[in-house]
Each structure stands twice: as C-alpha cells, then as structure tokens.
Amino acid sequence: MATVELTAANFDEVTSSEGTVLVDFWADWCGPCKRFAPVYEKLSEQHPEITFGKVDTEAQQEIAAKFEIRSIPTIMAVRDGVIVFSQPGALPESALQSLIDQVQALDMDDVRKQLAGHTHEH
C-alpha cells in the first residue's frame, strides 16, 4: 500500500519532513471520499517520491480540528514542512496530477520569503 495512515502520533513527524506530503482528510461514511480513494491510491503508486497520507477525521478528530477541516474530502499539500495548498472536494485524477506538478515546481525559498513577509495581526 502506497498511502500512509496519519495519526496524532506521526502527523507532525511526517508532515514536517523534507519533500512533498499530500494529506487526504476523509471518513468512512463519506461517499465522495470513497470514490476519491482509488484515484489517490493510483497516483500514490505513480509518485513514490511523494508521501501520500490519509487522515481518518472520525478517528483523528484533533488533527481535523487543528486544520479546521469542515468539509471532506479535503486535500492538503505540504512541501518541506510548509502547507502550500488546502482545499475541500474530491479532485479528478487530472486535477490531482496538476496539483502534484505545481507543488513539485514551487520555489520553496520564494514561498518562505512570502510567508515571512506576512505578519499576523491579532
């Protein structure tokens, strides 16, 4: 199996590592999640250089709450420990492939500079 189950125990470790990590937030009762799973699995086998994680939002409610997941499936992309994409909705295979290509092409030095330029006001 090419996907990794993410839990409270391993989520931070997996998503903070170098490289690209995709996260599929899903639940067993979610029809669109079940239809999306084979697409996600197929692309995970085509991209061994990427970690494809799955978070069961029922079993891992604290992770879902931390990232304010309100709709599933939600796909999140993390590159070198930085969340670069997060969007609810099942993606068709072509759109997921496009997302992978875009995340892989990012200049992470540029992304970090942009993030550093954003100050959070309270």
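Residues numbered from 1 in each chain as written. Predicted model: local features only at pLDDT ≥ 70, side-chain atom pairs only at ≥ 80, totals over all residues. Heavy atoms only, no water.

**Brief notes about the pattern of salt bridges**
Okay, step 1: Summed over all chains, the structure comprises six salt bridges.
Okay, step 2: A salt bridge links Asp 80 to Arg 112; the shortest N-O distance between them is 3.7 Å. Residue Asp 80 is located in the loop between β4 (74–79) and β5 (82–88), and its partner Arg 112 is located in helix α5 (residues 108–117); the two are separated by 32 residues in the primary sequence.
Okay, step 3: Judged by relative accessible area, Asp 80 falls into the buried class, the value being 17%. (Salt bridge = Lys/Arg side-chain N within 4 Å of Asp/Glu carboxyl O. Helix = DSSP H or I, 4+ residues; strand = E, 2+ residues; numbered from the N terminus. Buried < 20%, exposed > 50% of the residue type's maximum accessible area, 1.4 Å probe, protein only.)

**As for the state of the cysteines**
Okay, step 1: One pass over the full model with this rule turns up one disulfide.
Okay, step 2: Disulfide partner of Cys 30: Cys 33, at an S-S distance of 2.3 Å. One disulfide, between Cys 30 and Cys 33, carries an S-S torsion of 80° and so falls in the right-handed class. Neither residue differs from the other here; Cys 30 and Cys 33 are each classed as buried. (Disulfide = S-S within 2.5 Å.)

**Observations concerning the packing of helix α2 (residues 31–46) against helix α4 (residues 93–105)**
Okay, step 1: α4 packs onto α2 with a crossing angle of 40° between their chain directions and a minimal axis gap of 10 Å. Accordingly, the angle class assigned to the pair α2 and α4 is oblique. Along this stretch, α2 crosses α4, giving a crossing that reads as right-handed. Facing Phe 36, Val 39, Tyr 40, Lys 42, Leu 43 and Gln 46 of α2, the residues of α4 in contact are Glu 93, Leu 96, Gln 97 and Ile 100.
Okay, step 2: Looking at the contact of α2 with α4, its residues break down into six nonpolar, two polar and two charged. (Axes fitted to C-alpha atoms, helices over the stretch in contact; angles between N-to-C directions. Parallel < 35°, antiparallel > 145°, perpendicular 65-115°, else oblique. Left-handed = near helix turned anticlockwise from the far one by under 90°. Contact = heavy atoms within 4.5 Å. Nonpolar A, V, L, I, M, F, W, Y, C, P; charged D, E, K, R; others polar.)

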